[in-house]
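# Observations on the three-dimensional arrangement
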Amino acid sequence: MGLSREKVLLEYAKIVKDTPYALKTYLQTYDNTQSMYVPLELFPDQVHLINDYDEFEENIALKYRQAGVSTVTAAWASKKLVTAQKKRPEKILIIANKLDTSMEFANKVRGFVDQWPDWLGVKFSPDKNSQKHFKLTNGCEVKGVATSKDALRGYTPTILIFDEAAFIEADDDFWSACMASLSTGGKVIVISTPNGFDPIYYAIYEQALRKMNDFKITEMFWYRDPRYARDLKLIKTKDIVHYMLNREDYNDDEIIIDYTHIDPMKRDFKEISEKFKEGYTPYSSWFESMAKKLKFDRRKIAQELECNFLGSGDNVIPPETIEIIKDNFIREPENKFMGGTLWQWKEAVPGHKYIMGIDVSRGDSEDFTTFSIIDFDEREQVLEYLGKIPPDVAAEVAFKWATMYSAFVVIDITGGMGVSTARKLQELGYQNLYVEGINTTNKWKYNPKAMEKIPGLNFNSKRVQIVAAFEEALRHNFQLRSIRCLNELNTFVYINGRPDHQKGQHDDLIMAIAMAIYVGESSFTSLEKVTEQTKAMVDSWTVNENPIKNPVQDFNPSLSAMPNDPYGGGNRRMGGSPNKDDYQNYLWLFGGRR
């Protein structure tokens, strides 16, 4: 039986005003566990998310895998479409890294649009009705696109939805273009699981935390989801994966707080969050089953389940190492020079060995010229420069500070920019330069002509070895001081198996200090080892003495023969001057022939 006009108006007003009510009342979703459609149930975090969508123009959702955020967002979008007026139609643009992903989201929206009651009077328009672009009879449109420069061409959206934004391969220009398309008003929704410190999703999230943009953060965690946390427990462990794989090493009675007996909807999550600060980690049977599917891969668990930016990327430097550096070694510089581009933590200490690594850019490109000085004896960073200057000017600046520290200088000469800096340093008279191919551990085979080679190091040819030495040094508590360099570590990842920076990020500071550490480990350490071995060999030499009862005075042509010479030699003379026979008899001692 149909509703009366009065009831339709009342119900319509309720739908417009109360989005959670509307979605739960009129929409269904497919439940794989029951193999059937069931009413769209919303738990508290999802209700909070929907209300944020209604209240704020810019939203970013931090979610775990299977949180249902894409489904709920598609349901919310469908309500916006069917309640829009013809004079103010909604145009929704869905952007994802792949076209298939955006089309899948668009089809979710389509499915929900089809479920709304007929009395709303909204149908699909025959003018445009494809999987990636469809229109409604009230003038609304939905379009799914992959990331590209042409994504916004000919389409001005009122609602932008970025699905799995952390995996979108785009730069700041693309993001700026997207935001500019909403300059006349509209909403933007960014949803994703973390993927390390990516240039879009993480950048928006981090800036929102610091109140540098207007995005409203909605954080969703699996342990607050009643579907997955019915048997929630808190485990006091630094490594939940190790716990799951090695339960015999733990005493559960001492490390577990059990929340199973408390209704998931009535738990005190503020109290639970405080327990995290005490070293507890959430656990449930669902969490372990998901960890098994992910093969207990810590990076994937951090990405898919824990909403952890640091552990979710394919970082070259392990996340735990980055945390140790951040908590223990990062310092504000004691001095800042050159307009704040040059940071100094310690002045030169006489007798210490210093190494300077230089990474050179043109001075007008996106990359920076950087150099870093490390104290090889104390295993710490003492100075760092980051700026945009030409190669010859870089040489002049480096010359000043290298001279001040008496530093051994290594320059990246890949691509040619470093060659100009190296030659300029030679012109300035700096001699303590690393030359690739010279064996610093074998001083006996030193060849002065080798110094005619261009000083420096081809970074690309030794990238793997250099990065490996750098990573090992950081793991063994090398004292990295620079927060600028630490920020680069967050986006220094493996791309197709090769250590490199993420798109739109930089690794210039890493390159400079990594070269210094590599040369220190490969050259200085080897030289010290050879020196120690030589010293040990010399110390092991002994003098064997065979004492003689009547020792003879060593022959000296200018001394008289001693009386009672047991050898009865021909040196038995009373005179003190050597004669010709003396020289003839002992000529063999001086390289002559008798």
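As shown above, the structure is provided for reference.
Now for a quick tour of the structure.

The rules behind the values
Residues numbered from 1 in each chain as written. Predicted model: local features only at pLDDT ≥ 70, side-chain atom pairs only at ≥ 80, totals over all residues. Heavy atoms only, no water. Helix = DSSP H or I, 4+ residues; strand = E, 2+ residues; numbered from the N terminus. Contact = heavy atoms within 4.5 Å. Pairing = 2+ DSSP bridges. Axes fitted to C-alpha atoms, helices over the stretch in contact; angles between N-to-C directions. Buried < 20%, exposed > 50% of the residue type's maximum accessible area, 1.4 Å probe, protein only. Parallel < 35°, antiparallel > 145°, perpendicular 65-115°, else oblique. Left-handed = near helix turned anticlockwise from the far one by under 90°. Nonpolar A, V, L, I, M, F, W, Y, C, P; charged D, E, K, R; others polar. Polar contact = N/O pair within 3.5 Å; in protein donor to acceptor, adjacent residues only side chain to side chain.

## Let's talk about the side chain of Thr193
Looking at the element boundaries, Thr193 is found in the loop between strand S9 (187-192) and helix H7 (201-209). Residues in contact with Thr193, not counting those within four places in the same chain, are Lys63, Tyr64, Arg65, Glu164, Ala166, Phe167, Tyr201 and Gln303.

## Quick word on the sheet that holds strand S7 (residues 141-146)
The strand order S5-S6-S7-S4-S8-S9-S3-S10 describes an open sheet built from eight strands, whose pairing is mixed. The sheet is open, and its two borders are formed by strand S5 (124-129) and strand S10 (216-219), each paired with just one other strand. In this sheet, neighbouring strand axes are inclined to one another by 20° on average, regardless of whether the strands run parallel or antiparallel. Two strands pair when backbone bridges link them, and S5 and strand S6 (residues 133-136) are joined in this way by two bridges, in the antiparallel orientation. Looking at the pairing, Phe124 lines up with Leu136 of S6. Across the sheet, helix H4 (residues 69-82) is in contact with strand S3 (58-62), strand S4 (91-96), S6, S7, strand S8 (159-163) and S9; its angle to S9 comes to roughly 160°.

## So, unusual backbone geometry
A positive phi is found at Lys295, a non-glycine position, where the angle reads about 60°. Along the chain, Lys295 falls in the loop between helix H11 (285-293) and helix H12 (298-304). Given a relative accessible area of 73%, Lys295 falls into the exposed group. Of note, Cys307 is a non-glycine position whose phi angle comes to about 55°, a positive value. Relative to the helices and strands, Cys307 resides in the loop between H12 and helix H13 (309-312).

## Observations concerning the sheet that holds strand S18 (residues 380-387)
Through backbone hydrogen bonds, the strands of a sheet pair up, either in parallel or in antiparallel fashion. The six strands lie next to each other as S14-S15-S18-S17-S16-S19, forming an open sheet whose pairing is mixed. At either margin of the open sheet sits one strand with a lone partner, and together these are strand S14 (335-337) and strand S19 (408-411). In this sheet, neighbouring strand axes are inclined to one another by 15° on average, regardless of whether the strands run parallel or antiparallel. The pairing of strand S17 (residues 369-375) with S18 spans seven bridges and is antiparallel. Bridge assignment links Asp375 to a residue of S18, and that residue is Glu380. In the packing of helix H15 (residues 391-405) onto the sheet, the strands contacted are S14, strand S15 (342-344), strand S16 (354-359), S17, S18 and S19, and the crossing angle to S17 comes to about 5°.

## Considering the packing of helix H14 (residues 319-328) against helix H18 (residues 483-490)
For the pair H14 and H18, interaxial distance at closest approach is 11 Å and the crossing angle is 165°. Accordingly, the angle class assigned to the pair H14 and H18 is roughly antiparallel. Considering the relative orientation of H14 and H18, their crossing is left-handed. Every residue of H18 that contacts H14 at Ile322, Ile325 and Lys326 is listed here: Leu486, Leu489 and Asn490. Of the residues that constitute the contact of H14 with H18, the class distribution is four nonpolar, one polar and one charged.

## Details of helix H10 (residues 269-277)
At the N-terminal end of H10, a side-chain oxygen is found 3.1 Å from the backbone nitrogen of Lys270, two or three residues along, and the residue is Asp268. Downstream of H10 by a residue or two, Gly279 has a phi angle that is positive, lying close to 100°.

## Comments concerning the pairing of strand S11 (residues 233-236)
Strand direction decides the pairing type here: S11 and strand S12 (residues 256-258), joined by three bridges, are antiparallel. Within the sheet, the bridge partner assigned to Ile235 lies in S12 and is Ile256. Across four bridges, S11 lies against strand S13 (residues 280-283) in antiparallel orientation. Bridged to Ile235 within S13 is Thr281.

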